[in-house]
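A structural walkthrough
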Amino acid sequence: MNKRRDSVRLCFFFLSASLLNGSCSRIENVEVINHFNHPVQIMLDDEKTFPLVPANSTITLAGKQYIVSGGIYVTVLDVNGHILKPEYAAKIPGDSGCRSIATLEVSPQ
């Protein structure tokens, strides 16, 4: 009887660990706050995101974005695809990557 209980505990432990480790880098939505005076396009880890972010406004990019809690590489482009701000490592505020939305601010500085 003890072997069965121990095996159930072991299965529960591995299931819990896999659920925690598997979901901590996925963020469903990224809210982008644009401080540029013109629309921009955001690249997250070399992948373009859509739609464009209007000038001096906020937009939510829906969809699965894979962002680890340590940060992500961001490049800011103009509407013609020219680089406004070269790739840089942006830290996503918060204590963990386990959340449904992350906020990312982009500015000329």
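Residues numbered from 1 in each chain as written. Predicted model: local features only at pLDDT ≥ 70, side-chain atom pairs only at ≥ 80, totals over all residues. Heavy atoms only, no water.

Now for unusual backbone geometry. Cis peptide bonds are those with omega within 30 degrees of zero, and the linkage from F50 to P51 qualifies with 5 degrees. Tracing the backbone shows P51 in the loop between strand 3 (47-48) and strand 4 (58-66). Of note in this structure, N56 is not a glycine but carries a positive phi near 45 degrees. (Helix = DSSP H or I, 4+ residues; strand = E, 2+ residues; numbered from the N terminus.)

The subject of this paragraph is a negative patch on the surface. On the surface, D45, D46, E47 and E87 cluster together to form a negatively charged patch. Within the fold, D46 resides in the loop between strand 2 (41-44) and strand 3. Relative accessible area serves as the criterion here: at 58%, D46 is assigned to the exposed category. (Patch = residues over 30% accessible without salt bridge, like charges linked within 9 Å, V, L, I, M, F, W, Y side chains within 5 Å. Areas by Shrake-Rupley, 256 points an atom, 1.4 Å probe, with all protein chains shown as cover. Salt bridge = Lys/Arg side-chain N within 4 Å of Asp/Glu carboxyl O. Lys, Arg positive; Asp, Glu negative; His and termini not counted. Charge placed at Lys NZ, Arg CZ, Asp CG, Glu CD. Buried < 20%, exposed > 50% of the residue type's maximum accessible area, 1.4 Å probe, protein only.)

To continue, consider the sheet that holds strand 2. Overall, antiparallel pairing links the four strands, which are arranged 3-2-5-6 in an open sheet. Strands at the two margins of the open sheet, each flanked by one partner only, are strand 3 and strand 6 (83-90). Pairing of strand 2 with strand 5 (residues 72-77) involves four bridges; the strand directions are antiparallel. Note on strand 5: the bridge partner recorded for Q41 is L77. (Pairing = 2+ DSSP bridges.)

Aromatic ring pairs: the centre-centre distance and the angle between the two ring planes describe each pair. Taken as a whole and assessed by the stated rule, the structure comprises zero aromatic pairs. The cationic tip of K85 hangs over the ring face of Y88; the distance from NZ or CZ to the ring centre is 4.7 Å. (Phe/Tyr/Trp six-rings, centres within 6.5 Å; stacked < 30°, edge-to-face > 60°. Lys NZ or Arg CZ within 6 Å of the ring centre and 35° of its normal.)

Another point: the confidence of the model for the chain. This prediction gives the chain a mean pLDDT of 75; 59% of its residues lie at or above 70. The secondary structure element of the chain with the lowest average pLDDT is helix 1 (residues 2-23), at 49, and the one with the highest is strand 2, at 90. pLDDT under 50 marks residues 10-24. Its contacts with residues more than four places away, or in other chains, come to four contacts. (pLDDT = per-residue confidence, 0-100. Contact = heavy atoms within 4.5 Å.)

Note on placement: Y73 falls in strand 5. The class for Y73 is partly exposed, based on a relative accessible area of 45%. Distance from Y73 to Y88, taken between C-alpha atoms, is 5.4 Å for residues 15 residues apart in sequence. Once residues within four sequence positions are removed from consideration, Y73 is found in contact with M43, L44, D45, E87, Y88 and A89.

Within the largest apolar cluster, 15 residues are counted, with the highest numbers of intra-cluster contacts made by V32, I42, V74 and V106. Looking at this core, the elements that each hand over two or more residues are strand 1 (26-34), strand 2, strand 4, strand 5 and strand 7 (101-106). At three residues, the largest contribution of residues to this core is made by strand 5. When near neighbours in sequence (up to four residues on either side) are disregarded, V74 contacts I42, M43, L44, P86, E87, Y88, A90, L104 and V106. (Core = buried A, V, L, I, M, F, W, Y, C linked by side-chain atoms within 4.5 Å.)

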